[in-house]
Amino acid sequence: MKEKEYLVVFAHDFQDFRIPELLSVCEMKGVKIEIEGASNQHPYCFITVQQESDIHTILSRCVMIQFIVEVWEKCTSRKELCAASFTGYHSSTSFNILLHSFGRKVAMADKIELIEQIEHLPLDGTVNCVHPDQVYYICERYAPNTPTPDMVVFGPLVGRSDRNVVDRFAVKKRLYIGRTTMDAQLSFVMANLAKTERGEFVYDPFLGTGSLIIPPAYHGAYGMGSDIDLKALHGWGKSTKATEIEYQENQNIAGNMESYSLSNRYLGCYSSDFSSGLLRDTPLFDVILTDPPYGIREASLKVNKDIKNSQFSLSEQFLELLNFAATHLVTGGRLAYWLPIIRDLYQGDVSLPQHPAFQLVYNCEQVFSRKSSRRLVVMLKTRERNEGETSFVVGDSAHGQYRDLYFAKN
């Protein structure tokens, strides 16, 4: 049977994460996929899969996708679409036709005129704009400053993704948040890139307010973590919400998990510097997800020999993180963490911390400004750590000077 072609319509934000999330979900779910035409400049790409059920599998996890359409006709202009024969396609059910455009806003009158000009539209059913049996899409892509599209696709809607989870878990609606609580969408993307699945154990060594263990728990994993900041773990002190003064009794990580009905997936937390060696030196976790402090809104701290908090340089912090993961991740487990970057000093993958037991899987950028960004680094543990092995950096990363360079005037 000939493989069908589908058009994926992404949300047009966090562009660097879209294809890695799609590939990671397909690998996690055993979906064989071929991708064509992907670009950060527009929200479209074409894919082929072995069966339509694979599309629904993809849509069940990917939060960067809006919807997917089966391709009936793929054209380079409206004129070509209007003359298309639609050979082999026909439907007698009620329908509605929607238009999705990128690069130009299309007026309703223009949309209606386009639909009426399609000569061989293979739809014999009645139009139903409220509850149609089938929705069809015309998707158009416009190059910058051009009045006509260079890509026009027509086909039936196969399904929409569950992007409602982004709204449901939005930070602004959350019971307990802090100054560095991770955006909900990025938290779910991290969980997908790390391939978190039901029954796995997920650990965050910089737990903070616990935002990164919520998506794994939603997908059936078990989450726990540690942090040197005891107040953040338990919700003590002044609230970061403008409408509140002090945190209430239930405003903490456990309260968040309870509000989402995920308490049975939360294993707890403890206060500690993650490099202090409280855990047994053995593989314990399937996934490590974390967002270490960069010294901008939260300081990088560790416990020194006198049991006092002292500064933890960024370079030292990330190297220790890889050593920690090499010891405590199972073979085949994934480490996903955020790394701050001064863009002019970034030299590619060579700027990233490395370890002999790990293989780089993804390196995605979230741009803050022309000067700085952070990169989501996802690594796979390929084997057990040998005695004496340690992490290292080959290139000049300038991680240790990130805070000073971030605040520098030039």
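Residues numbered from 1 in each chain as written. Predicted model: local features only at pLDDT ≥ 70, side-chain atom pairs only at ≥ 80, totals over all residues. Heavy atoms only, no water.

Asks: I keep staring at the nonpolar core and nothing clicks. Help me out?
Replies: Soluble globular proteins tend to pack their nonpolar side chains together in the buried interior. By size, the foremost hydrophobic cluster in this structure holds 57 residues, and its most contacted members are I47, I58 and I65. Ranked by residues supplied to this core, first place goes to helix α6 (residues 184-193) with six residues. Counting 24 residues, the second largest nonpolar core, distinct from the first, contains F318, L329, L335 and L339. (Core = buried A, V, L, I, M, F, W, Y, C linked by side-chain atoms within 4.5 Å. Buried < 20%, exposed > 50% of the residue type's maximum accessible area, 1.4 Å probe, protein only. Helix = DSSP H or I, 4+ residues; strand = E, 2+ residues; numbered from the N terminus.)

Asks: Just checking my understanding: could you explain the environment of I213 for this structure?
Replies: Its place among the elements puts I213 in the loop between β9 (201-204) and α7 (214-218). Residue I213 is classed as buried on the basis of its relative accessible area, which comes to 1%. For the pair I213 and A191, spaced 22 residues apart in the sequence, the C-alpha separation amounts to 8.5 Å. In this structure, I213 is in contact with D204, L207, G223, M224, I253, M257 and Y266, ignoring residues within four places of it in sequence. (Contact = heavy atoms within 4.5 Å.)

Asks: How should unusual backbone geometry be read in this particular structure?
Replies: Comment: phi is negative for the bulk of residues other than glycine, and the bulk of peptide bonds are trans. Although it is not a glycine, F14 sits at a positive phi angle of roughly 45°. Along the chain, F14 falls in the loop between β1 (5-10) and α1 (18-29). One non-glycine residue, S261, lies in positive phi territory at about 60°. Along the chain, the position of S261 falls in the loop between α9 (253-259) and β11 (266-271). S261 sits in the exposed class, given a relative accessible area of 62%.

Asks: Would you explain helix α2 (residues 52-59) in this entry?
Replies: Since the α-helix advances by 3.6 residues per turn, residues separated by three or four positions end up pointing in the same direction. Looking only at α2, the buried set comprises D54, I55, I58 and L59. Each buried residue of α2 sits inside an arc of 140° when the element is viewed along its axis, so together they form one side. Elements in contact with the buried residues of α2: β1, α1, β2 (33-36), β3 (44-49), β4 (65-70) and β8 (151-160). (Arc of directions from axis to C-beta.)

Asks: How should the sheet that holds strand β17 (residues 372-381) be read in this particular structure?
Replies: In any sheet, the strands associate via hydrogen bonds between backbone groups, in a parallel or an antiparallel arrangement. Strand order across the open sheet formed by seven strands is β11-β10-β9-β12-β15-β17-β16, with mixed pairing between neighbours. One side of each edge strand has no neighbouring strand; the edge strands of this open sheet are β11 and β16 (358-367). On average, each strand axis in the sheet is inclined to that of its neighbour by 15°, with strand direction left out of account. Where strand β10 (residues 222-227) meets β11, five bridges bridge the pair, whose relative direction is parallel. Counterpart to S226 in the pairing with β11 is Y270. With respect to the sheet, helix α10 (residues 314-328) is in contact with β9, β12 (285-290), β15 (329-342), β16 and β17, its orientation differing from that of β15 by roughly 170°. (Pairing = 2+ DSSP bridges. Axes fitted to C-alpha atoms, helices over the stretch in contact; angles between N-to-C directions.)

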